[in-house]
Amino acid sequence: MTITFITGANKGLGRETARRLIEHGHTVLVGARDRERGEETAAALGARHVPIDVTDDASVAAAAANVAEREGRIDVLINNAGVHGPVGDAGDLTAADAFAVLDVNVLGVVRTTTAFLPLLRRSADPVVVNVSSGMGSLALTHDPDRPESHVVAPLYTSSKAALTMLTTQYAKGLDGIRVNAADPGYTATDLNGHSGPQTVTEGTDAIVALATEGPGAGTGRFVSRHGEIAWS
């Protein structure tokens with residue numbers, strides 16, 4: 001049975017991804033910083049909650065140790081936890097603002113991926129899915145016909161551009177592990193005040209597709225629910 005660990009899985013895209021992968025027959029581990037919400041989500045879905053704060057080295061190490069002791073391996077790691085950060089006047093940004101966003105959206109992925117690599121390497125078909133965004137694409141954010149071009153969110157967009165590049169580098173550097181990035185699209189979640197036109201199910205289409213591909217599928221790709229997309 002496929003064992004999948006998802007960060008930020010107690011709400012939004014993470015929770016819906018967990019629900020859908022359980023329907024696909026995965027054993028899902030709900031990674032969540034909020035213990036109460038994580039346990040509630042796990043109980044509601046038929047999963048197991050594993051406490052994890054992706055900004056804390058000790059918390060991430062403890063989560064990996066927990067899974068090593070209980071499950072012994074994972075087959076799929078979904079780095080979903082993310083924050084939006086400030087929007088609007090770029091002149092008001094501070095280094096502290098930037099660190100807060102990058103610490104979750106990029107450094108959190110590095111912490112979690114590194115900690116869980118030994119567990120992934122015990123899988124016959126290890127997969128990493130990084131939840132990125134078209135908001136980090138030069139092409140999409142410069143296309144006036146795309147909603148991505150009408151949002152000013154310097155730190156979120158920068159962090160997702162970094163995450164997509166990190167994904168391609170992991171794909172080149174981690175032998176035997178498929179590493180891909182998913183663009184959920186403009187989805188109604190807490191991150192955008194539920195303003196997105198897509199449902200949360202539609203927003204998880206690319207994530208679920210990448211998590212359920214069979215052996216031999218490609219690596220280093222950036223995928224939306226409509227197919228592969230150009231990052232630049």
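One can find the structure itself at the top, above this paragraph.
Residues Ile3 and Phe5 line one face of strand E1 (residues 3–6) and the alternating positions Thr4 and Ile6 line the opposite face, and both faces are buried. Judged from the four bridges that link them, E1 and strand E2 (residues 27–32) form a sheet pairing that is parallel. Residue pairing across strands places Phe5 opposite Leu29, the latter belonging to E2. Regarding the hand of the β-α-β motif, the stretch spanning E1, helix H1 (residues 12–23) and E2 is right-handed.

Below, the discussion takes up the packing of helix H3 (residues 57–70) against helix H5 (residues 107–120). Direction vectors running N to C along H3 and H5 enclose 20°, while the axes themselves pass 9 Å from each other. Relative to H5, the element H3 lies roughly parallel. For the crossing formed where H3 meets H5, the hand is right-handed. Contacts between H3 and H5 pair Asp57, Val60, Ala63, Ala64, Val67 and Ala68 from the former with Arg111, Thr112, Ala115, Phe116 and Leu119 from the latter.

Right, let's talk about the sheet that holds E2 for a bit. The strand order across the open sheet built from eight strands is E3-E2-E1-E4-E5-E6-E7-E8, with neighbouring strands paired in mixed fashion. Lying at the two open borders of the sheet, with one neighbouring strand each, are strand E3 (48–51) and strand E8 (227–228). In this fold H3 packs onto E1, E2 and E3, with an angle of close to 145° to the strand it touches most, E3. Against the sheet, H5 touches E1, strand E4 (76–79) and strand E5 (127–131), its axis set at about 175° to E4.

Moving on, we come to the nonpolar core. Of all hydrophobic cores here, the largest spans 28 residues; its most connected members are Phe5, Val67, Ile74 and Phe116. Elements supplying a minimum of two residues to this core: E1, H3, H5 and helix H7 (154–173). When residues of this core are assigned to their parent elements, the largest contribution, five residues, is made by H5. Apart from residues lying up to four places away in sequence, Phe5 is in contact with Leu29, Gly31, Val50, Ile52, Val67, Ile74, Val76, Leu77, Ile78 and Phe116.

Let's shift gears to the environment of Val76. By secondary structure assignment, the location of Val76 is in strand E4. Sequence-wise, Val76 and Thr167 are 91 residues apart; in three dimensions their C-alpha atoms are separated by 15 Å. Non-local contacts of Val76, meaning those with residues more than four positions away in its chain, are made with Thr2, Ile3, Thr4, Phe5, His26, Leu120, Val127 and Ala211.

For Thr17, the position within the fold is in helix H1. In this view, Thr17 contacts Ile6, Ile78, Thr204, Ile207 and Val208; residues no more than four positions away in its chain are not counted.

Attention now goes to H1. Compared with the 16 Å implied by 1.5 Å per residue over twelve residues, the 17 Å span of H1 between its first and last C-alpha is a close match. Those residues of H1 that are buried lie in contact with E1, E2, helix H2 (35–45), E4, helix H8 (200–203) and helix H9 (205–211). In the stretch just after H1, Gly25 is the one whose phi turns positive, near 95°.

To continue, consider the pattern of salt bridges. Going through the model one piece at a time under the given rule, you end up with 13 salt bridges. Linked by salt bridges that have partners in common, Arg20, Glu202, Asp205 and Arg225 make up one network.

A separate point is H7. In this model H7 runs 28 Å from its N-terminal to its C-terminal C-alpha over 20 residues, within 8% of the 28 Å that 1.5 Å per residue would give. Of the residues making up H7, those classed as buried are Pro154, Leu155, Tyr156, Thr157, Ser159, Lys160, Leu163, Thr164, Leu166, Thr167, Tyr170 and Ala171. Where H7 is buried, its residues meet helix H4 (95–105), H5, E5, strand E6 (178–182) and strand E7 (222–224).

The next point concerns the packing of H4 against H5. The geometry of H4 relative to H5 is characterised by a closest axis approach of 3 Å and an angle of 30° between their N-to-C directions. Put simply, H4 runs roughly parallel to H5. Listed contacts from H5 to Phe99, Leu102, Asp103, Val104 and Asn105 of H4 are Leu107, Gly108, Val109 and Arg111. For the contact of H4 with H5, the class distribution of residues is five nonpolar, two polar and two charged.

Cut-offs applied
Residues numbered from 1 in each chain as written. Predicted model: local features only at pLDDT ≥ 70, side-chain atom pairs only at ≥ 80, totals over all residues. Heavy atoms only, no water. Buried < 20%, exposed > 50% of the residue type's maximum accessible area, 1.4 Å probe, protein only. Helix = DSSP H or I, 4+ residues; strand = E, 2+ residues; numbered from the N terminus. Pairing = 2+ DSSP bridges. Right-handed = clockwise from strand over helix to strand, strands pointing away. Axes fitted to C-alpha atoms, helices over the stretch in contact; angles between N-to-C directions. Parallel < 35°, antiparallel > 145°, perpendicular 65-115°, else oblique. Left-handed = near helix turned anticlockwise from the far one by under 90°. Contact = heavy atoms within 4.5 Å. Core = buried A, V, L, I, M, F, W, Y, C linked by side-chain atoms within 4.5 Å. Expected span 1.5 Å × (residues − 1). Salt bridge = Lys/Arg side-chain N within 4 Å of Asp/Glu carboxyl O. Nonpolar A, V, L, I, M, F, W, Y, C, P; charged D, E, K, R; others polar.

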